[in-house]
Amino acid sequence: MKKIKDTIEKIEKSCMQSCSKAKTADELEQIRVEYLGRNGKIAELMSTLKNCSLEEKRELGPLLNTLKTLLQETYETHKKRIDAKSITKQLFDVTAYRPHQLRGSTHIYTQLIHELSTIFISMGYTVADGPEVETEYYNFTTLNIPEDHPARDSHDTFWLCSPDRLLRTHTSSVQAHEMEKTTPPLAVFAPGRAYRSEATDATHDFMFTQGEILLINTDVSISNLLATAQEFLQAFFGKNDLKIRVRPGYFPFVEPGLEIDGSCPFCTTGCAICKKTGWIELLGSGLVHPKVLQYSGIDPEKYSGFALGFGIERLAMIKYGINDIRLFHSSNISFMNQF
Ligand code: DAH
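Residues numbered from 1 in each chain as written. Predicted model: local features only at pLDDT ≥ 70, side-chain atom pairs only at ≥ 80, totals over all residues. Heavy atoms only, no water.

Chemist: Looking at this structure, how should I read the overall build of the protein chain?
Modeler: Broken down by element type, the protein chain carries twelve helices and nine strands. Counting only C-alpha atoms, the protein chain reaches 120 × 50 × 40 Å along its principal axes. Counting across all 339 residues of the protein chain, residues that qualify as buried make up 42%. Contacts in the protein chain between residues at least 24 apart in sequence constitute 66% of all its contacts with a sequence separation of at least 6. Taken as a whole, the protein chain presents about 19400 Å² of accessible surface, with 54% of it coming from carbon and sulfur. Looking at charge distribution, the protein chain has the averaged site of its 38 positive side-chain charges lying 15 Å from that of its 42 negative ones. (Helix = DSSP H or I, 4+ residues; strand = E, 2+ residues; numbered from the N terminus. Buried < 20%, exposed > 50% of the residue type's maximum accessible area, 1.4 Å probe, protein only. Contact = heavy atoms within 4.5 Å. Areas by Shrake-Rupley, 256 points an atom, 1.4 Å probe, with all protein chains shown as cover. Lys, Arg positive; Asp, Glu negative; His and termini not counted. Charge placed at Lys NZ, Arg CZ, Asp CG, Glu CD.)

Right, dumping it as structure tokens:
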């Protein structure tokens, strides 16, 4: 009788210890079988009761039943602990492969800026960045667009509440920042967002991305500008035979100002993209106006330069056949997935 009571105590202790050490559902199941199974330790003890007297049975029976219930409850508690752990593990296993999971990738904007930067870096340019919240001085004045100049109106500016602050209307605003920072020679590519307070449609947006090129050195000529423009467009469209042509254009910060068209990368005889003309308007450009150099303390007698600007979405829309500029910041997953 004493021996059975000791055994009951021992079994209770060792079963509880084993349960709390168990780490996996399999380990716990083995413990359940060992103690509570049909041929387990409890069943074995129960069978020894057969040989006991009635009195002993009356005393030991309830003890054994209590032990069985206790071990059953201990098992259930640990089962819950282990199950909860393995569910958490499944939910947070970041390496788990899920066949139809959406995969992240860099945004088309990031890809384009990277691609354009690579082209200009290969041509010796550095990549520059400027503030999107600008002053009138950098967005207009240093670019030879004084107050009352009609070009200020045509920019549909978003004015901010703080006096003299606006959202830059073009990345040409980076020009003076760079010229102030570096003495020539300088060659920079400045990609980034620009803003205009105008109604949106398939080809216009209130927020868009531009690329600005500025090169200042001694003896810079139009032929440097044209060679750069052509090499850039050939690289971007992946067409070594792309040609350019120029038309006069007016931009207050360049003189002469030029509009550069590229030969249509998709046809030779005229298609929908080039509107049957064989040419597509791609870049604004010109030789830097002497006044622009003077604003940044660069001597126009000694130095000259060219500037070139383009809409990054516009170039990408032509290259990839995108028909609505607003898709770029639409969070439209099927649009994004194409790139
Ligand atoms: N900043 C002009 C715009 O947003 C684009 C441009 C035209 C940039 C001529 C230039 C340039 O550097 O030379 O419309």
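Chemist: I would appreciate a short explanation of the sheet that holds strand β7 (residues 254–263) in the present structure.
Modeler: Strands pair in a sheet through their backbones, by hydrogen bonds, and they do so in one of two ways: parallel or antiparallel. Strands sit in the order β1-β4-β5-β9-β8-β7-β6 across an open sheet of seven strands; the sheet is mixed. What marks the edges here is a single partner per strand, and that holds for β1 (126–127) and β6 (244–248). Of the strands in this sheet, β6, β7, β8 (279–288) and β9 (304–311) are in contact with helix α9 (residues 222–237), which crosses β8 at around 145°. Of the strands in this sheet, β4 (186–195), β5 (207–217), β8 and β9 touch helix α11 (residues 312–320), which is tilted by about 60° from β9. (Pairing = 2+ DSSP bridges. Axes fitted to C-alpha atoms, helices over the stretch in contact; angles between N-to-C directions.)

Chemist: Hey, could you run me through the site of the ligand in this one?
Modeler: Surveying the vicinity of the ligand reveals 15 residues, the closest of which are His170, Ser172, Arg196, Gln210 and Glu212. The side chain of His170 places a nitrogen or oxygen atom 3.0 Å from a nitrogen atom of the ligand. Considered on its own, the ligand offers 350 Å² of accessible surface; in the complex 89% of this is hidden by protein. At the level of elements, β5, β8 and β9 are the ones that each hand at least two residues to the shell around the ligand. (Near = heavy atom within 4 Å. Polar contact = N/O pair within 3.5 Å; in protein donor to acceptor, adjacent residues only side chain to side chain.)

Chemist: Before we go on, may I ask you to explain the packing of aromatic side chains in this structure?
Modeler: Given two aromatic rings, one states the distance between the centres and the angle between the planes to describe the pair. Following the criterion strictly, the structure yields 14 aromatic pairs and no others. Members of the aromatic cluster, joined through ring pairs, are Phe120, Tyr125, Phe189, Phe232, Phe236, Phe237 and Phe310. Looking at Arg193, its charged tip hangs above the ring of Tyr109, at a distance of 5.0 Å from the centre. Residue placement shows Lys319 over the ring face of Phe236; its charged tip is 4.4 Å from the ring centre. (Phe/Tyr/Trp six-rings, centres within 6.5 Å; stacked < 30°, edge-to-face > 60°. Lys NZ or Arg CZ within 6 Å of the ring centre and 35° of its normal.)

Chemist: Got a minute to help me understand the packing of helix α1 (residues 2–21) against helix α2 (residues 25–36) in this structure?
Modeler: Two measures define how a pair of helices packs: the angle their axes make with one another and the distance between the axes. It is at 9 Å that the axes of α1 and α2 come closest, and there the two elements cross at 165°. The pairing of α1 with α2 is recorded here as roughly antiparallel in orientation. When the axes of α1 and α2 are compared, the crossing they make is left-handed. Where α1 approaches α2, its residues Ile11, Ser14, Cys15, Ser18, Cys19 and Lys21 are matched on the opposing element by Glu27, Leu28, Ile31 and Tyr35. (Parallel < 35°, antiparallel > 145°, perpendicular 65-115°, else oblique. Left-handed = near helix turned anticlockwise from the far one by under 90°.)

Chemist: Please explain the pattern of salt bridges as it appears in this structure.
Modeler: Between side chains of opposite charge, a pair can form when the charged atoms approach closely. Scanning the model with the defined rule gives 14 salt bridges in all. Its salt-bridge partner being Asp261, residue Arg245 comes within 2.9 Å of it at the nearest N-O pair. Here Arg245 is found in strand β6, whereas its partner Asp261 is found in strand β7, with 16 residues between them in sequence. The structure contains a network of salt bridges with shared partners spanning Arg245, Arg247, Asp261 and Glu281. (Salt bridge = Lys/Arg side-chain N within 4 Å of Asp/Glu carboxyl O.)

Chemist: How should the domain arrangement of the protein chain be read in this particular structure?
Modeler: For an interface, size is often stated in terms of accessible area lost upon the parts coming together. As assigned here, the protein chain comprises domain 1 (2–91) and domain 2 (108–336). Each of domain 1 and domain 2 has a C-alpha centre, and the two are 79 Å apart. (Domains from an automatic or database assignment.)

Chemist: Please explain α1 as it appears in this structure.
Modeler: Two residues of an α-helix separated by three or four positions point the same way, owing to the 3.6 residues in each turn. The terminal C-alpha atoms of α1, which comprises 20 residues, lie 29 Å apart, in line with the 28 Å expected from a rise of 1.5 Å per residue. Of all the positions in α1, only Ile4, Ile8, Ile11, Cys15 and Cys19 are classed as buried. Angular distribution of buried residues about the axis of α1 spans 65°; they occupy a single face of the element. With respect to the buried face of α1, the exposed residues turned more than 90 degrees away are Lys2, Lys3, Glu9, Lys10, Lys13 and Lys21. (Expected span 1.5 Å × (residues − 1). Arc of directions from axis to C-beta.)

Chemist: Would you mind going over unusual backbone geometry with me for this structure?
Modeler: Keep in mind that most residues, glycine aside, have a negative phi and that most peptide bonds are trans. Cis geometry marks the peptide bond from Pro184 to Pro185; its omega dihedral reads 5°. Assignment of secondary structure puts Pro185 in the loop between α8 (174–181) and β4. Of note, the phi angle at Asp164 is positive, near 65°, even though the residue is not glycine. By the element assignment, Asp164 lies in the loop between α7 (150–154) and β3 (165–167).

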